[in-house]
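Listed below, chain by chain, are the residues.
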Amino acid sequence: MALIVKDLTFAYPGAEPLYRSAHLRVEAGSVVGLTGPSGTGKSTLGALVAGDLRPRSGEVVVDGHPLPRRGFRPVQLIHQHPEHAVNPRWRMRSVLHESHRPSPETLERVGIRSEWLDRFPEELSGGELQRFCIARALHPGTRYIVADEMTTMFDAVTQARIWHMLIGIVRDRGLGLLVISHEQALLDRVCDDQIPIDRLRRQYRLRL
Ligand SMILES: Nc1ncnc2c1ncn2[C@@H]1O[C@H](COP(=O)(O)OP(=O)(O)OP(=O)(O)O)[C@@H](O)[C@H]1O
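Naming follows an unreviewed UniProt entry, where the protein appears as ATP-binding cassette domain-containing protein of Actinocorallia libanotica. Heading Sequence similarities (unreviewed entry) of the UniProt record for the protein holds this comment: "Belongs to the ABC transporter superfamily."

Engineer: Tell me about the site of the ligand, and please be specific about residues and values.
Structural biologist: The environment of the ligand is formed by Y12, L18, P37, S38, G39, T40, G41, K42, S43, T44 and H182. Take Y12: an N or O atom from its side chain is 3.3 Å from a nitrogen atom of the ligand. Here an oxygen atom of the ligand and a backbone polar atom of G39 are 2.8 Å apart. With the chains in place, 55% of the 640 Å² that the ligand exposes on its own is no longer accessible. When its residues are assigned to classes, the shell around the ligand shows three nonpolar, seven polar and one charged.

Engineer: Tell me what's going on with the sheet that holds strand β6 (residues 75-78), and back it up with residues and numbers.
Structural biologist: Here five strands make up an open sheet; going across it, the order is β6-β7-β8-β3-β9 and the pairing parallel. Each of the sheet's edge strands pairs with one partner strand only, and the pair in question is β6 and β9 (193-196). Averaged over all neighbouring strand pairs, the angle between strand axes comes to 20°, with direction disregarded. With five bridges connecting them, strand β7 (residues 144-148) and strand β8 (residues 176-180) associate as parallel partners.

Engineer: Go over helix α5 (residues 156-173) with me, naming the residues and quoting the values.
Structural biologist: When the terminal C-alpha atoms of α5 are compared, their 26 Å separation across 18 residues agrees well with the 26 Å that a helix rising 1.5 Å per residue should span. Considered for burial, the residues of α5 that qualify are T158, Q159, I162, W163, M165, L166, I167, I169 and V170. Considering only its buried residues, α5 is in contact with β3 (31-35), α3 (104-110), α4 (126-137), β7, β8 and α6 (184-190). Two residues or fewer after α5 comes G174, characterised by a positive phi angle close to 70°.

Engineer: I'd love a proper account of the environment of T9, names of residues and values included.
Structural biologist: Along the polypeptide, T9 turns up in strand β1 (residues 2-10). By relative accessible area, T9 is classed as buried at 12%. As a C-alpha pair, T9 and L45 span 36 residues in sequence and 10 Å in three-dimensional space. Ignoring any residue separated from it by four or fewer positions in sequence, one finds T9 in contact with P17, Y19, R20, S21, P55, R56 and S57.

Parameters at a glance
- Residues numbered from 1 in each chain as written.
- Predicted model: local features only at pLDDT ≥ 70, side-chain atom pairs only at ≥ 80, totals over all residues.
- Heavy atoms only, no water.
- UniProt positions renumbered as here; feature names shortened; annotations may be inferred.
- Near = heavy atom within 4 Å.
- Polar contact = N/O pair within 3.5 Å; in protein donor to acceptor, adjacent residues only side chain to side chain.
- Areas by Shrake-Rupley, 256 points an atom, 1.4 Å probe, with all protein chains shown as cover.
- Nonpolar A, V, L, I, M, F, W, Y, C, P; charged D, E, K, R; others polar.
- Pairing = 2+ DSSP bridges.
- Helix = DSSP H or I, 4+ residues; strand = E, 2+ residues; numbered from the N terminus.
- Axes fitted to C-alpha atoms, helices over the stretch in contact; angles between N-to-C directions.
- Expected span 1.5 Å × (residues − 1).
- Buried < 20%, exposed > 50% of the residue type's maximum accessible area, 1.4 Å probe, protein only.
- Contact = heavy atoms within 4.5 Å.

This is the structure we're talking about:
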C-alpha cells in the first residue's frame, strides 16, 4: 500500500515545467518529509497528490487505484493558513461536518473543545482552527495526509502539541503522511525518511 507519483510532469500556464517524469513513493504508515528551497514546487506537488491540481502527464496512484477525479479524496491536504481553508460565515460545527462527523473521542484526541463548535472561525486562534482542519482531514476514508507548512505560523509549544497529536493518530491508523516544511529540526524529529525535491527532478535528468 503506497501513494505513488508516476512519471509526473506539471507546468503552470506559460511557465517551464516544475518537474518532468517525477517519481515519489510514500508507503502507508510512513512519515516522509519533502524538502527543498523556496519556489521549487513542494506545495505544488502537495496539491497534485491531493488532486487540487491536475498533472500535464503521469499519474498519482493511491493504494493501487488512480487518484479519484471527483468525490471523496483519499489524500487530504492541510495548509499553512487554516483561516483560508474554512468558510468564515459558518460556525465550526458546520465547518467540521462538511467533511464527516468525527467521534467525541477523535475530537478529544485532536484537542477540540466542545464549546468551540458554536464559534465562528474568527473567534478561534490559528492553532485551534488548525485542529479543526486536521479533524476534517481525518475522514474515515483518508489514507494519506499532506501537511504543507502546517504549523509554521504557530509558537513552538503549539507546534509540538499539534505534531505529537497528529503523528500519534497517523501511526495508530496506519496512514501515510507527507510533510512539507522548511524546518529541518521538525523534519528530523517526525519523519522516517526525507526526500529533497531535487531528487524528483534529478530522476528526469538521469533518464535523458
Ligand atoms: N498558481 C500559480 N500560477 C503560476 N505559478 C505558480 C502558481 N503557484 C506557484 N507558482 C510558481 O511555481 C513555483 C513553485 O511554487 P511552490 O509554491 O510549489 O514552491 P514551494 O517549493 O512550495 O515554495 P515555498 O517553499 O516558498 O512555499 C514558484 O516559482 C511559484 O512562483
